[in-house]
Amino acid sequence: MKRALVSWSGGKDCAWALERLRGSDVEIVALLTTINERFDRVSMHGVRRELVEEQARSIGVPLWIAPLPWPCSNERYEEVMAAMCRRAVDAGLDSVVFGDLFLEDVRAYRERMLAGTGLEPLFPLWQAPTAALAREMLARGLRARIACIDRRVLDRSFAGREYDASLLADLPPAADPCGENGEFHSFVYDGPMFHDAIAVERGEFHEDGDFTFADLLCPVSSH
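Criteria and thresholds
Residues numbered from 1 in each chain as written. Predicted model: local features only at pLDDT ≥ 70, side-chain atom pairs only at ≥ 80, totals over all residues. Heavy atoms only, no water. Pairing = 2+ DSSP bridges. Helix = DSSP H or I, 4+ residues; strand = E, 2+ residues; numbered from the N terminus. Right-handed = clockwise from strand over helix to strand, strands pointing away. Axes fitted to C-alpha atoms, helices over the stretch in contact; angles between N-to-C directions. Parallel < 35°, antiparallel > 145°, perpendicular 65-115°, else oblique. Left-handed = near helix turned anticlockwise from the far one by under 90°. Contact = heavy atoms within 4.5 Å. Nonpolar A, V, L, I, M, F, W, Y, C, P; charged D, E, K, R; others polar. Core = buried A, V, L, I, M, F, W, Y, C linked by side-chain atoms within 4.5 Å. Buried < 20%, exposed > 50% of the residue type's maximum accessible area, 1.4 Å probe, protein only. Salt bridge = Lys/Arg side-chain N within 4 Å of Asp/Glu carboxyl O.

Draft legend 1. Structural view of the pairing of strand β1 (residues 2-7). The pairing of β1 with strand β2 (residues 26-36) spans 6 bridges and is classified as parallel. When the bridges of β2 are listed, S7 appears paired with L32. For the crossover that starts at β1, traverses helix α1 (residues 12-21) and ends in the parallel β2, the hand is right-handed. Alignment of β1 against strand β5 (residues 95-97), held across 3 bridges, turns out to be parallel.

Draft legend 2. Layout of the packing of helix α3 (residues 74-90) against helix α4 (residues 104-114). Two elements in contact, α3 and α4, have axes whose closest approach is 11 Å; the angle formed by their N-to-C orientations is 60°. In terms of axis orientation, α3 runs oblique to α4. The element α3 and its partner α4 pack so that their crossing is right-handed. Of α4, the residues touching α3 (which contributes N74, Y77, E78, M81 and C85) are Y109, M113 and L114. Partitioned by chemical class, the residues of the contact of α3 with α4 number 6 nonpolar, 1 polar and 1 charged.

Draft legend 3. View of the sheet that holds strand β7 (residues 143-150). Strand order across the open sheet formed by 4 strands is β8-β7-β10-β9, with antiparallel pairing between neighbours. Strands with a single pairing partner mark the edges of an open sheet, and in this sheet they are β8 (184-190) and β9 (201-208). Strand-to-strand, the axes of this sheet are offset by a mean angle of 25°, without reference to chain direction. Two strands pair when backbone bridges link them, and β7 and β8 are joined in this way by 6 bridges, in the antiparallel orientation. The residue bridging I146 from the neighbouring strand is S186, located in β8.

Draft legend 4. Just unusual backbone geometry, in detail. For the bond running from W70 to P71, omega is -5°, close enough to zero to count as cis. Following the sequence through the fold, P71 ends up in the loop between β4 (63-68) and α3. Even without being a glycine, D40 presents a positive backbone phi close to 55°. Relative to the assigned elements, D40 resides in the loop between β2 and β3 (41-42).

Draft legend 5. A look at the nonpolar core. One finds W8, I28, L31 and Y163 to be the most contacted residues of the largest nonpolar core, which totals 53 residues. Secondary-structure elements contributing two or more residues to this core are β1, α1, β2, α2 (49-59), α5 (130-139), β7, β8 and β10 (211-217). Here this core gets 6 residues from one element, more than from any other, and that element is α1. Apart from residues no more than four positions distant in its own chain, Y163 is found in contact with K12, A134, L138, A144, R145, I146, L168, P177, C178 and F184. Counting 19 residues, the second-largest nonpolar core is a separate cluster that includes L5, A30, M84 and F98.

Draft legend 6. Region of the structure containing the pairing of β2. Most of β2 sits inside the fold, with 10 of its 11 residues counted as buried. Pairing geometry for β2 and β4, over 6 bridges, is parallel. Within β4, the position partnered with L32 by the bridge is W64. Sheet topology places β2 next to β3; 2 bridges connect them, and they run antiparallel. The partner of N36 across the bridge, within β3, is R41.

Draft legend 7. Geometry of the pattern of salt bridges. Applying the stated criterion across every chain, the model contains 22 salt bridges. Two residues, R140 and E19, come together in a salt bridge whose shortest N-O distance is 3.0 Å. Of this pair, R140 sits in the loop between α5 and β7 while E19 sits in helix α1, and the two are 121 residues apart along the sequence. For R140, a relative accessible area of 45% corresponds to the partly exposed category. When the shortest N-O distance is used, the salt bridge between R76 and E79 registers 3.1 Å. Of this pair, R76 and E79 are both found in helix α3, 3 residues apart, which corresponds to roughly one turn of the helix. Within this structure, E19, R20, R22, E136 and R140 form a network of salt bridges that share partners.

Okay, here's the thing in C-alpha cells:
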C-alpha cells in the first residue's frame, strides 16, 4: 500500500486525481497546499486559506501548508518544497499525487523535483482526453466554481461561474475544457470525495495583470 501526499490547489483536477485513487492501493494521507503568505491565499488560484481548510475537513485528511513569500523566487519555492518532501518522508509517505493532464514540461519538472527524495510522483489523470474527463467529473457529481481566469483567453464574465455543461459549451474553441493551459483555475465545493458540500458564494472581482480573480467566500460554516 502506497502512502501519498496530494499536491492540492483546491481545484477540480487535483480533486479528481484523489478520487481516481480512492479504493486503490494508494492511501491518501494528507493534502499539500502552497499559500501566499502576504495574501493568505492559495498560490496562483487566489482561493482563501479557509476554503481549502474546509475541503480537507470534508475529505477527512490533514492539510499541510507550504508558506511562500511574495514575491517568491524559484529558488525559495524549491527550498520550501524540499522541506515539505523531507516532512513527508519522515512521516512515512512514499508518493506525491499530481493532477497534471498533458503538459510534458510540468511533469518533467515535478519528476526532477522529487528525484532522490524517496518520493514517487503519481499522475492518475495523465493524458486523459480532457473533454471526456470534464464530462466524467460533472456526471459523477463534482461541483466547482471558476476562481481565476486568464483574460487573454477567456472573457472576464467566466470568473466566478459554475463549472458545468453550460460553461463548457461557452468556452472558445482554443480553450482546454479542463483549463490545463492556464485558461482558468477552479475551486471544488462538492463531489464524491467530500463527506459534505462546502458553502461558497462569489464576492468581489479583482484584477492582477492579465488575470481576473473571483473572491470566493465561505458565508457559513459547513460543519
